[in-house]
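# Reading the structure
The chain contents come next:
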Amino acid sequence: MAGTINQAKMKFSRMVNSRSYTRFNQSQNPDGEGSHVEVKLSAEVEEEEMDSTEQGHVQRDAYIKSSRFGSLNKRRILVFGGVILVFFCVGLLIGYSIHRTSELPSCPSLAAPIPENPTIPKYENYDNFEAAPAMDWSDLVKHLNYNLSFEAIKANLSVYIQKKLVAGSSEDNKLGDDIHNLFTKLNMEPWVDEHYVKLQYPSSTNPNQVLFGSEEIGSPKGFLAYSETGRREARVVYANYGELADLQVVSGTYSVNLNGSVILMRTGKISMAQKVMNAAKFGAVAALIYPDPADNKNMTEDTELYGHVHLGSGDPYTPGFPSFNHTQFPPAKSSGLPGILAQTITTKMARKIFEKMGGSSAPDNFKGAFPSYKLGNESDKVVVDVNNNLVDTKIHNVFGIIKGYVDPDRYVVIGAQRDSLGYGKSAVGTTVLMELARVFTELKKGGFKPKRSIVFASWTAGDFGNVGITEWLEGYWSSLDRKAFTYISLDGVVTGVGSFRASASPLLQTLLEKTLKKVNSPESLSSILGGSFSNLLKTMQMDDGAYPFLAFSGIPSVSFSFTSSQATADYEYFGFDKGSTKDMEKVAELSLLAAEIAGQMALRLVHDHILKLDVTTYGNVITKHVSTIISRVNDLKRDKVDKIDSLSTEWLIEAKSSFGRAADSLAFDIKNSDLDDVEMCRIINNRIMKVEHNFLSPYVSMRDVPFRHVFFGDGWQTTTDLEKYLGDVHAKKATLDIDQVLNKFALLTWTIQGCANDLAGDIWSLDNEI
């Protein structure tokens, strides 16, 4: 074919005397008659180049554009046009033939069989992926659900459930290596992130102990990381769940002095770190935490509990900065460490203590499943001996990626912790993560081209307070800023049965609600997922794996869990009989449903032109908080508090309105834009992605106040802190510091206004009505 084309070219060249126009030279006429265009022919150009090398420059004839065209006769013009037409047809046929040949290897079927070994599947390489057709949304969801495998989940779960994976241990590192190898087999270009952190473990030679008087209650194997170490003997007092309201009832209504005491609390309602911090606030010297049978019916009386006392996130000895080996920071300590002894005990140990306690009977709402609940006598002395060791430990997170085809530098992160101080606690999250990695690879092979990237993350040291997650965020915060636009947490997605709860950024709540309505849930769960969505939502807590992404990095985040219908139960399946077929079937069934929920949310976020992040929902959040603040200010004005008249809510209301107008402007732009215009979609998406980040207060230090989010963070910059302070002044628990309040009002106003301005888009669209 190539020879035939060359011969045709030669004949055509001879036919037109090699006078195809290829070079133009515009020069000024020396006689003043204006400029003309000199046209060099291709043959002449070649001859000129050769002669200039061999014989020197030779003057060639000049061809004036107008006269040359006049010299061509009609026959040559017709021949010229005919040959051009022939070449066009031949080129068209050749291109079509090549294109058809490239399409002959068809795309792999999305209904590929599940590998025999679900832990490490085998996959083929498909080099011709670019030829794969795009999928519409309905086909994509259908193929996602089809490829999710109950048997694969069940097989992986049975392996992971057996492992006790202490962060930084050889077992934890081995599982990390296995995950890395799996990501490699899936062509996910894996990488590893290493940190050097301080973790706390019990002493192998000097175990922790609890005694009642001189009688040993037990030597628990479970522990609470970052507890103070030492030995304390003091009066024991029972304080229910350890909430501030519980402690106030004990110290106020029952006049029990908690200062210098050991406070006994049961699990549930709030995190262990919050319980211990609350006890420290009341002057306790130690805290004991146990699982009450009323809250944890599936736990045995010998089940050991593990946790941490850091009311924060990450390595508490490098607050606000990453624990890299090469960093040289002075010694530091997080303010979130309570500074008292803390220890978990088993149900059996707690029973022994209650049998020996005297004093007043506890209130009815304090009572669980034991026969007797007393608050304790002065003579009820308990000894708590904690001998944990602080160890420098190397940890590593493992990542894999499926890159996007339009905006590869924008990505959804799906993550789960793999370390587990207790058997099986992280097994479900790791199982679902691996299944989603496998299925998304299958979708990609079958033709799915995500517009944006998906990062799969296996974290470690999660049981020590989201250490792996937080250190990664601290280390790469500037790289993640406005690039990672969503985090989906798989930690604890199955902890029980009978209920469902979720925590999410307002930007993701609409997407979550729509996804729950569309998943293929069994009849037994349809009523749970199909109920009132607002009843399923809970405020995200600090011990949630998604919390550092939301409150520290300003990345919209979501976590969800199938949990026990008992509101106070922590983990129904923690410590369950690993040989129980019934329990394993139920956990696998719920894990499959959790994978479907997380998978559909991730697909929607990387499939659509415009990010499915609903900014209007944040308008409702702002309105709610501003209304509460206005109500509190009005209360103080009715109380005629000194200097309160100088406090105006006008500008805060205007900032709220500015955000509403900016959200409306965004909706208008989306409706009236060409969504097939890639650049226009990117501009709109950039506006959406900045919203969460802009609610991180720019007026506080990352190191001093790491959770800077004004609505979901922790610190003086939050709306909840302002609301509480105004409420305390109204209740006469505090006096009004007008300068402090004015300062908080100003900073909150301009944080909201700044977010509204950024959401509005271009500088000429900014709202200056405030």
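Presented here is an overview of the structure given in this document. (Residues numbered from 1 in each chain as written. Predicted model: local features only at pLDDT ≥ 70, side-chain atom pairs only at ≥ 80, totals over all residues. Heavy atoms only, no water.)

## Points about the packing of aromatic side chains
Using the criterion set out here, one finds 30 aromatic pairs in the structure. Where tryptophan 191 meets phenylalanine 399, the ring centres are 5.1 Å apart and the plane angle is 15°; that geometry is what we call stacked. Of this pair, tryptophan 191 sits in strand E3 (residues 191-201) while phenylalanine 399 is found in strand E13 (residues 389-402), placing the two residues 208 residues apart along the sequence. Measuring from ring centre to ring centre gives 6.1 Å for tyrosine 618 and phenylalanine 711, while their planes differ by 40°; the resulting arrangement is tilted. Taken together, the residues tyrosine 618 in helix H19 (residues 615-638) and phenylalanine 711 in the loop between helix H21 (678-694) and helix H22 (719-730) connect sequence positions 93 residues apart. Assessed through its relative accessible area of 0%, tyrosine 618 is described here as buried. (Phe/Tyr/Trp six-rings, centres within 6.5 Å; stacked < 30°, edge-to-face > 60°. Helix = DSSP H or I, 4+ residues; strand = E, 2+ residues; numbered from the N terminus. Buried < 20%, exposed > 50% of the residue type's maximum accessible area, 1.4 Å probe, protein only.)

## Considering the pairing of strand E4 (residues 209-212)
Of the pairings in the sheet, the one linking E4 to strand E12 (residues 381-386) comprises four bridges and is antiparallel in character. Within the sheet, the bridge partner assigned to glutamine 209 lies in E12 and is aspartate 385. Across three bridges, the pairing between E4 and strand E5 (residues 215-218) is antiparallel. Within E5, the position partnered with leucine 211 by the bridge is glutamate 216. Linking E4 back to E5 in an antiparallel pair, the connection comprises two residues, with glycine 213 at a positive phi of about 65°. (Pairing = 2+ DSSP bridges.)

## Details of the nonpolar core
Core analysis: the largest hydrophobic core is formed by 138 residues, its most contacted members being Ile414, Leu436, Phe440, Phe456, Phe500 and Phe695. Among all residues touching phenylalanine 500, those that are not within four sequence positions of it are Leu516, Ile528, Leu529, Leu536, Phe560, Ser561, Phe562, Thr563 and Ile597. Core analysis: the next-biggest nonpolar cluster, separate from the first, contains 60 residues, Leu199, Ala284, Ile289 and Leu375 among them. (Core = buried A, V, L, I, M, F, W, Y, C linked by side-chain atoms within 4.5 Å. Contact = heavy atoms within 4.5 Å.)

## Here we look at the sheet that holds strand E11 (residues 341-344)
Taken in spatial order, the seven strands make up an open sheet running E5-E4-E12-E7-E8-E9-E11, and their pairing is mixed. Both edges of this open sheet fall to E5 and E11, since each of them pairs with a single strand only. The sheet shows a mean angle of 30° between the axes of neighbouring strands, taken without regard to direction. In this sheet, E11 lies alongside strand E9 (residues 286-290) in parallel orientation, the contact comprising four bridges. (Axes fitted to C-alpha atoms, helices over the stretch in contact; angles between N-to-C directions.)

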